[in-house]
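The primary structure of each chain is shown beneath.
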Amino acid sequence: MNEMVNLLVDLRSGQFDEHALARALRGIESAGLSVERAAPGSDAYHAWIDQEFGGTWSSEAFAGKSVIAKSGDSYAGFATYDPRGLRFSWLRGLGAQEGVGIFGPFGIAQAFRGSPAGPHLLVAALASLREAGYAQALIPAVGHEKLVAYYVQHSGAKIAERFEKARWRKRRYRALVLASGSGTNFQSVIDGVAAGSLPLDLAMLVSNKSGAYALERARGAGVPAVALTWDRKTQSREQYDEALFELVHREQPELLLLLGWMHVLSDQFVAGFPQMINIHPA
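What this report covers is the structure whose coordinates are included nearby. In this text, all values refer to a predicted model and were calculated from it rather than measured experimentally.

Calculation notes
- Residues numbered from 1 in each chain as written.
- Predicted model: local features only at pLDDT ≥ 70, side-chain atom pairs only at ≥ 80, totals over all residues.
- Heavy atoms only, no water.
- Helix = DSSP H or I, 4+ residues; strand = E, 2+ residues; numbered from the N terminus.
- Polar contact = N/O pair within 3.5 Å; in protein donor to acceptor, adjacent residues only side chain to side chain.
- Contact = heavy atoms within 4.5 Å.
- Salt bridge = Lys/Arg side-chain N within 4 Å of Asp/Glu carboxyl O.
- Buried < 20%, exposed > 50% of the residue type's maximum accessible area, 1.4 Å probe, protein only.
- Pairing = 2+ DSSP bridges.
- Axes fitted to C-alpha atoms, helices over the stretch in contact; angles between N-to-C directions.
- Core = buried A, V, L, I, M, F, W, Y, C linked by side-chain atoms within 4.5 Å.
- Phe/Tyr/Trp six-rings, centres within 6.5 Å; stacked < 30°, edge-to-face > 60°.
- Lys NZ or Arg CZ within 6 Å of the ring centre and 35° of its normal.
- Parallel < 35°, antiparallel > 145°, perpendicular 65-115°, else oblique.
- Left-handed = near helix turned anticlockwise from the far one by under 90°.
- Nonpolar A, V, L, I, M, F, W, Y, C, P; charged D, E, K, R; others polar.

**Some details on the side chain of S180**
Position of S180 relative to the elements: it lies in the loop between β8 (173-178) and α7 (184-195). Reaching out from S180, the side chain makes a polar contact with the backbone nitrogen of M262 at a distance of 2.7 Å. Beyond its immediate sequence surroundings of up to four residues, S180 is in contact with S207, N208, K209, A212, L259, G260, W261 and M262.

What follows is the structure in structure tokens.
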């Protein structure tokens, strides 16, 4: 495939209820394997993921919960669900919507491919997302027709979005936006990112006005949004500027976009982000 797809699974059917979860776990055990659970931050099996699959899967698994199948002391497969803090561009839309949980990564060791372990792990992880309160599951960035067919067969997944592979191979810049008003320029950036014409990952929108409509635009696009207002009664100018600097610095942006930002930045702020600031008037 020259394209990648995002798949959606409806978790509200009986295929993923508590009985289905129990059946899937029993199915893994019936295949002669044991079942383990790993919570976010558990590192018991990440080295195996790196060795077996390479890439970035171990860091993604580290960010979520996993259902793991083992054969004795050896790992046979795993399915991660509900990872937190991932910032991949293909998660900005569906992956940021309320009621949608993220599935993956998902891998089966070579010796166990084609066994019942794979479908049972898939169902167990999806049922665990339902158990956590999600109504739908997003299976993101699938790039092989056989794998798409696998998910359709075993989970009833449907294609929700398509995008070209080449679009995600380009260098993308982690951008943070500062805006004080309605956010019309910010909306243009959102649209450009969605269309693939701007190579940005929108990390956050920060506004110094709690009623700024730019905050609503950010939430509607699945971009994290923060209102950091200056309370002049309890906070000095220097204290506010320091709080703003610390907030932005924690996000580690590669590019700062000032899109109608109506607060003069301190010298410390400007010096702290050399060659990162791009200013557009309101």
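**Remarks on the pattern of salt bridges**
A full pass over the atoms with the stated rule returns seven salt bridges. We note a salt bridge from R84 to D82, for which the minimum N-O separation is 3.1 Å. Classification of R84 by relative accessible area gives exposed; the value is 56%. Between R237 and D241 there is a salt bridge; the shortest N-O distance is 3.0 Å. Placement of both R237 and D241 in helix α9 (residues 237-251) is noted, with a separation of four residues, approximately one turn of the helix.

**Considering the sheet that holds strand β7 (residues 158-164)**
Pairing is mixed across the open sheet formed by seven strands, whose spatial order is β2-β3-β4-β5-β6-β1-β7. Sheet topology places β2 (34-38) and β7 at the edges, where each strand pairs with a single neighbour. Neighbouring strand axes in the sheet, compared pairwise and without regard to direction, differ in orientation by 25° on average. Examined bridge by bridge, strand β1 (residues 3-10) and strand β6 (residues 136-142) share five bridges and lie antiparallel to one another. Following the sheet pairing, V9 is matched in β6 by A137. The strands touched by helix α1 (residues 18-30) within the sheet are β2 and β3 (65-71), with β2 carrying the most contacts at an inclination of about 125°. Lying on the sheet, helix α2 (residues 46-53) is in contact with β4 (74-81) and β5 (100-108); it crosses β4 at an angle near 100°.

**So, the nonpolar core**
Ranked by size, the top nonpolar core spans 33 residues in total, and within it F103, L126 and Y151 carry the most contacts. Listed by contribution, the elements that provide at least two residues to this core are β1, α1, β3, β4, β5, α4 (117-131), β6 and α5 (145-155). For this core, the element with the most residues is α4, which contributes nine residues. Excluding residues within four positions of it along the chain, Y151 makes contact with L7, F103, F106, L122, I139, V142, G156 and A157.

**What to know about the packing of aromatic side chains**
The way to describe two aromatic rings as a pair is by their centre distance and the angle between their planes. Evaluated as defined, the whole model comprises 15 aromatic pairs. Between F53 and W57, the ring centres sit 5.1 Å apart and the planes meet at 40°, which makes this aromatic pair tilted. Relative accessible area serves as the criterion here: at 22%, F53 is assigned to the partly exposed category. Taking the centre distance of 6.1 Å and the plane angle of 80° together, the rings of F103 and Y151 count as edge-to-face. Of this pair, F103 sits in strand β5 while Y151 sits in helix α5, and the two are 48 residues apart along the sequence. For the pair shown, F103 and Y151 are each scored as buried. An aromatic cluster is present here, built from W48, F53, W57, Y75 and F78 joined pairwise through their rings. Between K70 and the ring centre of Y75, over which it is positioned, the NZ or CZ distance is 4.8 Å. When the ring centre of W230 is taken as reference, the NZ or CZ atom of R232 above it lies at 4.0 Å.

**Looking at the packing of α7 against helix α8 (residues 213-220)**
Between α7 and α8, the shortest axis-to-axis distance is 9 Å and the interhelical angle comes to 15°. In terms of axis orientation, α7 runs roughly parallel to α8. The crossing of α7 and α8 is right-handed. Judged by residue contacts, T184, F186, Q187 and I190 of α7 engage A214, R217 and A218 from α8. Classifying every residue of the contact of α7 with α8 gives four nonpolar, two polar and one charged.

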